[in-house]
Amino acid sequence: MLNIKSCQDFVNWILSNRLLINNHNVIVINTKTSLIASAFGINSTIWPIITKGIILINLDDLYQRQFTEKEIQFILAHETAHIYKNHSLNTLMWNIIERLLINLEYNSPLIVETFKGFLELLSPNNLPHNAEDLKNNEYEADLIALNYVTGDLRNAISCLQKLSNNDPNSPSHTWELFNLNLPAMTLKQRIDVLKERYYSFRTL
Ligand SMILES: [Zn+2]
């Protein structure tokens, strides 16, 4: 059974031996909050900034929901991939843009929300750019976790299935519009995309 120390060792191993980052300081913290796992950090190859970040993981909750060691390793690899790919910078950028727009002189969040609504209608997947980025970041982190770290599709899928609480159509991540929480993608979509990209990667 993984404890917080072995989670930390595993993340260090991923960064050094799988992602080939020489200098890194990513801290794994056992959280008791409602979230399952999340990551924030920056990966820079430019000296003197080293790769730094924080990964939060709710081990109690995961063990209560019968996640296996290998499934938890997939989650840790996924969170590490978010830091590796600088996804938090992308999320931060969208948050800043949205806050800035909301605080413009006309001070009307309604305009921002209406604009997001239009972007949603215009996009092929009915998602505005920020939700599209959110979705693609998740797909990318899943694929890196699988291809670079665990190499175990079966465990990746069972992990995502457990996250869905056996409802494959439950949302994996949501975005907000007019105080509504809309799904950026479902867990089923995440599993389908992971399988598809994994198999095309294998046949390269
Ligand atoms: Zn993620």
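Residues numbered from 1 in each chain as written. Predicted model: local features only at pLDDT ≥ 70, side-chain atom pairs only at ≥ 80, totals over all residues.

K.L.:
Could you give an account of the overall build of the protein, with specific residues and numbers?
P.N.:
Of regular secondary structure, the protein possesses 8 helices and 5 strands. Along the protein, from the amino end to the carboxyl end, the secondary structure elements read α-β-β-β-α-α-α-α-α-α-β-β-α. For the protein, the C-alpha radius of gyration of 18 Å lies close to 17 Å, the compact-globule estimate for 204 residues. Along the longest, intermediate and shortest principal axes, the C-alpha atoms of the protein span 50 × 45 × 40 Å. Counting the 204 residues in the protein, one finds 30% classified as buried. Excluding contacts between residues fewer than 6 apart, the proportion of contacts in the protein whose partners are at least 24 apart in sequence is 66%. (Helix = DSSP H or I, 4+ residues; strand = E, 2+ residues; numbered from the N terminus. Rg over C-alpha atoms; globule rule 2.2 N^0.38 Å. Buried ≥ 20, exposed ≤ 12 C-beta atoms within 10 Å, placed from the backbone. Contact = placed C-beta atoms within 7 Å.)

K.L.:
Could you give an account of the domain arrangement of the protein, naming the residues involved and the relevant values?
P.N.:
For the protein, the assigned domains read domain 1 (4-86) and domain 2 (88-202). Taking only C-alpha atoms into account, the centre of domain 1 sits 19 Å from that of domain 2. Counting from both sides, the interface comprises 22 residues of domain 1 and, opposite them, 19 residues of domain 2. Elements supplying a minimum of two residues to the side of domain 1 that touches domain 2: helix 1 (4-18), strand 2 (37-42) and helix 3 (69-84). Considering every element that reaches the side of domain 1 that touches domain 2, the biggest residue donor is helix 3, with 10 residues. Classifying every residue of the side of domain 1 that touches domain 2 gives 12 nonpolar, 5 polar and 5 charged. (Domains from an automatic or database assignment. Nonpolar A, V, L, I, M, F, W, Y, C, P; charged D, E, K, R; others polar.)

K.L.:
How would you summarise helix 6 (residues 129-150) if you had to cite specific residues and measurements?
P.N.:
The end-to-end C-alpha distance of helix 6 is 30 Å, a good match for the 32 Å that 22 residues give at a rise of 1.5 Å each. Positive phi appears at glycine 151, one or two residues downstream of helix 6, with a value of about 60°. (Expected span 1.5 Å × (residues − 1).)

K.L.:
Break down the environment of threonine 174 for me, citing the residues and quoting the values.
P.N.:
Looking at where threonine 174 falls in the secondary structure, it is placed in strand 4 (residues 171-177). Classification of threonine 174 as partly exposed rests on a count of 14 C-beta atoms within 10 Å. Spatially, the C-alpha atoms of threonine 174 and alanine 131 are 7.8 Å apart, while their sequence positions differ by 43 residues. Setting aside anything within four residues of it in sequence, one finds threonine 174 in contact with Asn181, Leu182, Pro183 and Ala184.

K.L.:
Describe the packing of helix 6 against helix 7 (residues 153-163), and please don't skip the residues or the numbers.
P.N.:
Between helix 6 and helix 7, the least distance of the axes is 10 Å, while the angle of their chain directions is 145°. Here helix 6 and helix 7 pass one another in a crossing that is right-handed. From helix 6, Asp142, Ala145, Leu146 and Thr150 reach across to helix 7, where they touch Leu153, Asn155 and Ala156. Classifying every residue of the contact of helix 6 with helix 7 gives 4 nonpolar, 2 polar and 1 charged. (Axes fitted to C-alpha atoms, helices over the stretch in contact; angles between N-to-C directions. Left-handed = near helix turned anticlockwise from the far one by under 90°.)

K.L.:
Can you break down the nonpolar core residue by residue, with the values?
P.N.:
Counting residues in each nonpolar core, the largest one holds 34 residues, and the members touching the most others are Val11, Leu76 and Ala145. Those elements giving two or more residues to this core turn out to be helix 1, strand 1 (24-30), strand 2, strand 3 (51-57), helix 3, helix 6, helix 7 and helix 8 (187-202). By residue number, the principal contributor to this core is helix 3, which donates 8 residues. Taken together, domain 1 (4-86) and domain 2 (88-202) each give at least three residues to this core, which thus spans both. Setting aside residues up to four positions removed in sequence, alanine 145 forms contacts with Phe74, Ala77, His78, Ala81, Thr150 and Ala156. Counting residues in hydrophobic clusters, the runner-up holds 6 residues, among them Ala131, Leu134, Trp175 and Met185. (Core = buried A, V, L, I, M, F, W, Y, C linked by C-beta atoms within 7 Å.)

K.L.:
An account of the pairing of strand 5 (residues 180-186) is needed here, citing residue identities and associated values.
P.N.:
The sheet contact formed by strand 4 and strand 5 spans 6 bridges and is antiparallel. Pairing of glutamate 176 across the sheet is with asparagine 181, part of strand 5. Between strand 4 and strand 5, which pair antiparallel one after the other, the connecting turn spans 2 residues, and phenylalanine 178 there sits at a positive phi close to 45°. (Pairing = 2+ DSSP bridges.)

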